[in-house]
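Listed below are the residues making up each chain.
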Amino acid sequence: MAGAAGWGGSAAQGYVQAVGNISAGLATARAQRYNAAIYRMNADAQQNSLQFVAEQEERNAVFATQDAAIAKQAAVFAEQQFRLATGRRQGENRVLIGASGVTLEGSPLETMVNNAYEIETQALLIEYQGALDERAALESASQHRLAAEARRYEGRQALWQGDQQAQMARFYGRLAMTEAAIKTTSDQISAISGGMGGG
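> How should I be thinking about the overall build of the protein chain in this particular structure?
Looking only at helices and strands, the protein chain has 2 helices and 0 strands in total. The contacts of the protein chain with a sequence gap of at least 6 include a subset with a gap of at least 24, amounting to 90%. Of the accessible surface of the protein chain, which amounts to about 13,200 Å², a share of 60% is contributed by carbon and sulfur atoms.

> Would you take a moment to explain a nonpolar patch on the surface for this structure?
On the surface, Met168, Phe171, Tyr172 and Leu175 cluster together into a nonpolar patch covering about 350 Å² of accessible area. Of note, phenylalanine 171 is situated in helix H2 (residues 107-198). Accessibility expressed as a relative area gives 39% for phenylalanine 171, which makes it partly exposed.

> Explanation requested: the pattern of salt bridges in the structure shown.
Two side chains that carry opposite charge are able to pair once their charged atoms sit near each other. By the definition in use, this model includes 8 salt bridges. Two residues, glutamate 154 and arginine 151, come together in a salt bridge whose shortest N-O distance is 2.9 Å. Here glutamate 154 and its partner arginine 151 are both found in helix H2, 3 residues apart, which amounts to about one turn of the helix. Within this structure, Glu58, Glu149, Arg152 and Arg156 form a network of salt bridges that share partners.

> Would you mind showing me how to read the environment of glutamate 55 here?
Position of glutamate 55 relative to the elements: it lies in helix H1 (residues 2-99). Linking glutamate 55 and alanine 147, residues 92 residues apart in sequence, is a C-alpha distance of 10.0 Å.

> Any chance you could explain the side chain of glutamate 57 here in plain terms?
Inspection of the secondary structure assignment puts glutamate 57 in helix H1. Despite its burial, glutamate 57 pairs with no opposite charge; the closest candidate is arginine 151, at 5.1 Å N-O.

> Mind showing me how you'd approach the environment of alanine 131 here?
Structurally, the position occupied by alanine 131 is in helix H2. A residue is classified by how much of its surface remains accessible, and alanine 131, at 39% relative accessible area, is partly exposed. Spatially, the C-alpha atom of alanine 131 lies 9.9 Å from that of glutamine 73, the residues being 58 residues apart in sequence.

Criteria and cut-off values
- In this convention, every chain numbers its residues from 1, walking through the sequence in written order.
- Reporting of local features is limited, given that this is a predicted model, to residues whose pLDDT is at least 70; pairs of side-chain atoms are given and counted only at 80 or more, and all residues count toward the totals for whole chains, interfaces and linings.
- Side-chain metrics in this entry use all non-hydrogen atoms of the structure; hydrogen atoms and water are not considered.
- Secondary structure elements follow DSSP: runs of H or I of four or more residues count as helices, runs of E of two or more count as strands, with numbering from the N terminus.
- By the convention used here, residues are in contact when the closest approach between their heavy atoms is within 4.5 Å.
- Only the protein chains shown count as covering a residue, and every accessible area follows the Shrake-Rupley method with a 1.4 Å probe.
- Each patch is assembled from residues with relative accessible area greater than 30% and no salt bridge, linking like charges that lie within 9 Å and nonpolar side chains (Val, Leu, Ile, Met, Phe, Trp, Tyr) that lie within 5 Å.
- For salt bridges, the criterion is a side-chain nitrogen of Lys or Arg within 4 Å of an Asp or Glu carboxyl oxygen.
- Each residue is placed in one exposure class: buried if its accessible area under a 1.4 Å probe, protein chains only, is under 20% of its type's maximum, exposed if it is over 50%, and partly exposed if it falls in between.
- His is not counted, nor are the chain ends, whereas Lys and Arg count as positive and Asp and Glu as negative.

Below is the structure:
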C-alpha cells in the first residue's frame, strides 16, 4: 500500500513537473514567436526607410540631370549673347575707324584682329564652362543613382537579416517545445520507474 501511495505521489509529482515543463516550453515558444515578429517588423521598417532614401536619391538624380540640360542651354545662350554683344562692338569700332578717316591697315586692323581673337577665346571659354557644368551635374546624377541603388541593396539586406533572425527565433521556439516534450517524457519515465521501484 505504501508502494502504491509512493507511486501515486511520484505520478502526481511527475504530472506537476510535466505541466511546468510544457508551460515553460510554451512561454519560451511564445516569446520567440513575438521576437520573430519584432525582427520582421524592424526589418520591414528599415527596408521601407531605406527605400524612401533611395527614392529621394532618384529624385535628386532627376534634378541633377535637369540641371545638366539647363547648364548646357545656359552656356549656349550665354555664348550667343556674348558673340552678339561683342559683334556689335566690333561693328561700332569699324564704323568709328571708318568715320575717322583711318584705313583698316596697320594698327587699326591689328587691333580688330586681336579683338576678334579675344572674342573667340572668351566665347570658347563660356562654351567650355557650360560643358564643365553639364558634366558636373551629370556626375552628380550618376552619384545619386548609385546612392539610390546602395540604399535599395541595404534595404534588401536588412529584410534578409530580419528574416534570418525571425527564422532563428521561430526555430528556438520550436526547440523549446521539443525540449519541454523530451523533459516531460523523461520526468514521467523517471516518476513511473521510481514509483515501481519503490513498491
